[in-house]
Amino acid sequence: MFDFLTLHEPALRLAAFAGVLALMLLLEFAIPRRGRSSPRLRRWTTNLALAGAGTLLLRIAVPLLAVGVAVLAEQNGFGLFNWTATPEAVAFVLSFVALDLLVYVQHVVFHKAGLLWRLHRVHHADPDVDATTGIRFHPVEILLSMGIKMGAVALLGAPAAAVILFEVVLNATAMFNHSNIDIGGADKWIRPLIVTPDMHRVHHSIHRDEYNTNFGFNLSVWDRLFGTYRACPREGHEKMRLGLSEYPAPGPQRLGWSLINPFWSGANPDNTRGRENGT
């Protein structure tokens with residue numbers, strides 16, 4: 001399996017991204033959890049454009065990326081698992097779990113640090129939440145996140161195959177748990193292991209005490225372990241309000257607004273007051 005992941009990385013990434021996104025969007029039409037408050041086309045265009053801009057920035061700024069760092073670490077015997085000659089299967093599993101914990105911690109920090117929140121609030125400003133919200137991040141946040149991940153991969157000496165699988169799974173679960181689909185009673189069976197749409201939707205509540213909970217993107221254990229878990233929103237999933245109150249539509253639906261917003265000294269480009277951080 002390890003060789004398969006490394007040999008077929010580009011095709012695997014593309015197939016997983018396109019397949020999961022298409023499936024989630026189809027299910028959102030078939031079994032929606034909530035009604036929409038904004039037109040799909042405008043939001044989807046902006047969210048996909050942000051994802052494309054982030055990908056382009058990564059390719060220009062750090063073409064090596066996390067997988068390249070993993071390969072270099074292995075070739076040069078660098079990183080914890082290479083120093084300790086950890087068996088490949090063990091290093092694979094531990095790297096996957098450690099990287100998932102890293103994403104949780106990073107997410108919390110991006111909510112707590114004012115400068116980082118300015119970038120991350122672009123994600124939260126989406127007035128609706130669906131599968132495309134899972135790929136809606138400011139390009140600079142994507143660049144910073146990759147830098148953090150590259151550092152972690154180097155220190156761990158994570159196997160390249162583990163990094164590939166982690167990134168593919170994280171991307172897929174982000175689209176799943178942001179999706180506007182009704183999984184019914186399956187939620188209670190899936191939620192103990194994987195973050196579900198109903199669990200993560202709480203994180204996109206307009207209320208501060210709710211959007212500062214449920215930080216996990218993939219494994220759901222971290223929120224329970226570190227006391228940031230909230231089971232449901234106070235207003236219920238059908239009636240809860242999403243987004244950021246200081247950034248009402250249609251601003252967040254526009255690409256230019258989304259790119260400029262973090263650099264307006266905490267103020268809304270549409271001249272409404274913005275919060276300095278997510279706490």
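Attention here is on the structure that accompanies the text. Here the structure is a predicted model, which means the values were calculated and not measured.

1. Considerations on the side chain of histidine 178
Note that histidine 178 resides in helix α9 (residues 160–178). A polar atom in the side chain of histidine 178 sits 3.2 Å from the side chain of histidine 123. Among the polar contacts listed, one links the side chain of histidine 178 to the backbone oxygen of alanine 174, at a separation of 2.7 Å. Apart from residues lying up to four places away in sequence, histidine 178 is in contact with His123, Val129, Asp130, Ala131, Thr133, Gly134, His200, His204 and Phe217.

2. Considering the pattern of salt bridges
A full pass over the atoms with the stated rule returns 14 salt bridges. The closest approach of N and O atoms between arginine 234 and aspartate 209, which form a salt bridge, is 2.5 Å. A residue pair is termed long-range when its members are at least 10 positions apart, and arginine 234 in the loop between α13 (221–225) and α14 (255–260) and aspartate 209 in helix α12 (residues 208–211) qualify at 25 residues. We classify arginine 234 as partly exposed; its relative accessible area is 46%. Through salt bridges with shared partners, one network takes in Glu9, Arg13, Lys149 and Glu167.

3. A word on the packing of aromatic side chains
Taken as a whole and judged by the stated rule, the model has eight aromatic pairs. Ring geometry for phenylalanine 78 and tryptophan 83: centres 5.2 Å apart, planes at 75°, overall edge-to-face. The exposure class of tryptophan 83 is exposed, given its relative accessible area of 55%. Members of the aromatic cluster, joined through ring pairs, are Tyr104, Phe215 and Phe226. Between arginine 40 and the ring centre of phenylalanine 29, over which it is positioned, the NZ or CZ distance is 4.1 Å. Above the ring of tyrosine 229, the side-chain terminus of arginine 224 is found at 4.3 Å from the ring centroid.

4. Side note on the packing of helix α7 (residues 114–124) against helix α8 (residues 139–156)
The contact between α7 and α8 brings their axes to 8 Å, and the two run at 120°. Between α7 and α8, the angle is such that the two are oblique. Viewed along their axes, α7 and α8 form a crossing whose handedness is left-handed. Along the contact surface, α7 presents Leu116, Leu119 and His120, while α8 presents Val140, Glu141 and Leu144. Split by residue class, the contact of α7 with α8 holds four nonpolar, one polar and one charged.

5. Thoughts on unusual backbone geometry
Across residues other than glycine, the phi torsion is negative in most instances, and most of the peptide bonds are trans. In the segment running from alanine 249 into proline 250, the intervening peptide bond is cis, with an omega of 10°. Topologically, proline 250 is positioned in the loop between α13 and α14. Even without being glycine, alanine 85 reaches a positive phi, approximately 50°. By the element assignment, alanine 85 lies in the loop between α5 (80–83) and α6 (88–112). Its identity as a non-glycine residue notwithstanding, asparagine 214 has a phi of 50°, on the positive side. Within the secondary structure, asparagine 214 is located in the loop between α12 and α13.

6. Considerations on the environment of leucine 255
Counting through the fold element by element, leucine 255 comes out in helix α14. Taking C-alpha positions, leucine 255 is 7.9 Å from asparagine 47, a pair spaced 208 residues apart along the chain.

7. Focus: α8
Here α8 contains 18 residues, and its C-alpha end-to-end distance of 26 Å stays within 8% of the 26 Å for a straight helix at 1.5 Å per residue. The complete set of buried residues in α8 reads Pro139, Glu141, Ile142, Ser145, Met146, Lys149, Met150, Ala152, Val153, Ala154 and Leu156. Remark: glycine 157 follows α8 within two positions and exhibits a positive phi of approximately 70°.

What counts as what
Residue positions are counted from 1 within each chain, in the order its sequence is given. Where local features are concerned, this predicted model is filtered to residues with pLDDT of at least 70; where side-chain atom pairs are given and counted, the filter is 80 or more; whole-chain, interface and lining totals use all residues. Side-chain figures throughout are based on the complete set of non-hydrogen atoms in the structure, without hydrogens or water. Numbered from the N terminus, helices here are DSSP runs of H or I no shorter than four residues, and strands are runs of E no shorter than two. For this analysis, a polar contact is any N or O atom pair within 3.5 Å, provided that within protein one partner can donate a hydrogen and the other can accept it, and provided that sequence-adjacent residues contribute only side-chain to side-chain pairs. We call two residues contacting when some pair of their heavy atoms lies within 4.5 Å. Salt bridge criterion: a side-chain nitrogen from Lys or Arg within 4 Å of a carboxyl oxygen from Asp or Glu. In this scheme, a residue with accessible area under 20% of its type's maximum is buried, one over 50% is exposed, and one in between is partly exposed, where area comes from a 1.4 Å probe on protein chains only. When two rings of Phe, Tyr or Trp (its six-membered ring) have centres within 6.5 Å they constitute a pair, described as stacked for plane angles under 30 degrees, edge-to-face for angles over 60, and tilted for the intermediate range. Two limits define a charge over a ring: the Lys NZ or Arg CZ must be within 6 Å of the ring centre, and within 35 degrees of the ring normal. Orientation is described by lines fitted to C-alpha atoms, with helices fitted over the stretch in contact, and by angles between N-to-C directions that extend from 0 to 180 degrees. If an angle is under 35 degrees, it is roughly parallel; if it is over 145, roughly antiparallel; if it lies from 65 to 115, roughly perpendicular; otherwise it is oblique. By convention the crossing between two helices is left-handed if the near helix lies anticlockwise of the far one by an angle smaller than a right angle, and right-handed if it lies clockwise. When residue character is reported, Ala, Val, Leu, Ile, Met, Phe, Trp, Tyr, Cys and Pro are called nonpolar, Asp, Glu, Lys and Arg charged, and the others, Gly included, polar. A helix is expected to span 1.5 Å multiplied by its residue count minus one.

Purely spatial values, then, with no claim about function.
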